[in-house]
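# Observations on the three-dimensional arrangement
Here are the chains, one letter per residue:
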Amino acid sequence: MNWYKTGSFNYSPKYSGQEIDGNSNYENGKDQANSQDQELATKMLQIQSKRFYIDVKQNRRGKYIKVAEIGADGRRSQIYLALSTAAEFRDHLSAFSDYYSSLGPPNPENVPEDGKLKSEIMIKENRRYYLDLKENARGRFLRCSQTITRGGPRSQIAIPAQGMIEFRDSLTDLLDEFGTSDG
C-alpha cells in the first residue's frame with residue numbers, strides 16, 4: 001500500500017483521505033507508515049451518514065482489529081482491539097442492542113443529565129474501553145472510547161444505535177474467519 005505522510009495525518013487510498021495518526025496504534029503508538037502491519041481482511045459499513053471500516057490486521061505482535069469511522073464531514077476516528085477484546089466487544093454489542101430494543105421512543109423530558117442510558121467498561125492489558133449507549137438531540141448512539149493507561153490520547157467512535165446489529169454481524173464474520181486468539 002502506498003502511504004505518505006503530510007502534517008499530522010497519514011494518507012491512504014483505502015480511506016480516500018486523511019487517517020488519524022495519534023498514539024492509539026496497536027503497535028504502541030508507532031507511526032503506521034513505518035510499521036509492518038499487514039491487512040488481512042476488511043469490511044465496510046454505511047450506517048446513516050457514516051462509513052465504518054472494520055479491518056483485521058497483523059503485525060509482529062499478532063492479529064488485531066482496527067475500526068475506523070469516517071463521518072459525513074470527512075472527520076476520521078479509530079480504535080484498535082485485540083481479537084479477544086473484539087470478541088468481548090461483540091458480546092457487549094449484543095447486550096447493548098437488546099437494551100436499545102427494549103427502550104421506547106426517545107423522550108426529551110426523561111433523558112439522563114449526561115445522556116447515558118447504559119455503560120460498560122472493558123479492560124485489556126494497558127487499555128481501557130468505555131462503552132456508553134447515549135442519547136442526544138440527534139438520536140441514540142453507542143460511544144466506544146479507548147484509552148491507554150500510560151497517558152495516551154483517548155480515541156473514540158460513535159455507532160448509531162440503529163446500526164449496532166449490522167456492526168456486530170460484520171465483526172462476527174471477521175472473528176469467525178480469523179478467530180479470537182491474540183497470538
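The rules we used
- Residues numbered from 1 in each chain as written.
- Predicted model: local features only at pLDDT ≥ 70, side-chain atom pairs only at ≥ 80, totals over all residues.
- Heavy atoms only, no water.
- Pairing = 2+ DSSP bridges.
- Helix = DSSP H or I, 4+ residues; strand = E, 2+ residues; numbered from the N terminus.
- Axes fitted to C-alpha atoms, helices over the stretch in contact; angles between N-to-C directions.
- Contact = heavy atoms within 4.5 Å.
- Phe/Tyr/Trp six-rings, centres within 6.5 Å; stacked < 30°, edge-to-face > 60°.
- Buried < 20%, exposed > 50% of the residue type's maximum accessible area, 1.4 Å probe, protein only.
- Core = buried A, V, L, I, M, F, W, Y, C linked by side-chain atoms within 4.5 Å.
- pLDDT = per-residue confidence, 0-100.

Let's shift gears to the sheet that holds strand S10 (residues 139-148). Spatially, four strands are ordered S8-S9-S10-S11 in an open sheet, and the strand pairing comes out antiparallel. Every other strand in the sheet has two partners, leaving strand S8 (116-124) and strand S11 (155-160) as the edge strands with one partner each. Each strand axis lies, on average, 15° off the axis of its neighbour in the sheet, ignoring direction. Pairing of S8 with strand S9 (residues 127-136), which is carried by eight bridges, proceeds in the antiparallel orientation. The residue of S9 that forms the bridge with Ile 121 is Tyr 130. Of the strands in this sheet, S8, S9, S10 and S11 touch helix H1 (residues 83-102), which is tilted by about 170° from S8.

Let's shift gears to the packing of aromatic side chains. Tallied over the full model, the rule gives three aromatic pairs. Taken together, a centroid distance of 5.8 Å and an interplanar angle of 85° make the contact between Phe 52 and Phe 167 edge-to-face. Taken as a pair, Phe 52 in strand S5 (residues 50-59) and Phe 167 in helix H2 (residues 164-178) lie far apart in primary sequence, 115 residues in all. Phe 52 gets classed as buried once you look at its relative accessible area, which sits at 0%. Pairing Tyr 64 with Tyr 80 gives two aromatic rings, centres 6.0 Å apart and planes at 45°, and the pair type is tilted. Highlighted residues: Tyr 64 in strand S6 (residues 62-70) and Tyr 80 in strand S7 (residues 76-82), separated in sequence by 16 residues. Given the relative accessible area of 0%, Tyr 80 is considered buried. Put simply, the rings of Phe 52, Phe 89 and Phe 167 pair up and form one aromatic cluster.

A few words on the sheet that holds S6. The antiparallel open sheet is built from four strands, whose spatial order is S4-S5-S6-S7. Two strands lie at the open edges of the sheet, namely strand S4 (38-47) and S7, each paired on one side alone. Each strand of the sheet is rotated relative to its neighbour by a mean of 20°, with strand direction disregarded. Bridge count for S4 against S5 is nine bridges, and the pairing is antiparallel. Counted as the bridge partner of Leu 45 is Phe 52 from S5. Taken strand by strand, H2 contacts S4, S5 and S6, and its axis lies near 165° from that of S4.

If you look at the biggest cluster of nonpolar residues, it comprises 32 residues, and the most contacted ones within it are Ile 65, Phe 89, Leu 142, Ile 159 and Phe 167. Dropping the residues within four chain positions of it, Phe 167 is found in contact with Leu 45, Phe 52, Ile 54, Val 67, Phe 89, Leu 93 and Ile 159.

At Gln 48, a position not held by glycine, the phi torsion is positive, near 55°. For Gln 48, the location among the structural elements is in the loop between S4 and S5. Look at Gln 48 and you get exposed, because its relative accessible area is 53%. Phi at Glu 125 is positive, roughly 50°, even though this residue is not glycine. Along the chain, Glu 125 turns up in the loop between S8 and S9.

When pLDDT is low, close inspection of the predicted coordinates is not appropriate. Predicted confidence across the protein gives a mean pLDDT of 83, with 80% of residues reaching 70 or more. Contacts from residues 1-13, a stretch scored under 50 in pLDDT, to residues over four places away or in other chains number 32 contacts. In this model, residues 16-34 is a region of pLDDT below 50 whose contacts with residues beyond four sequence positions or in other chains number 61 contacts.

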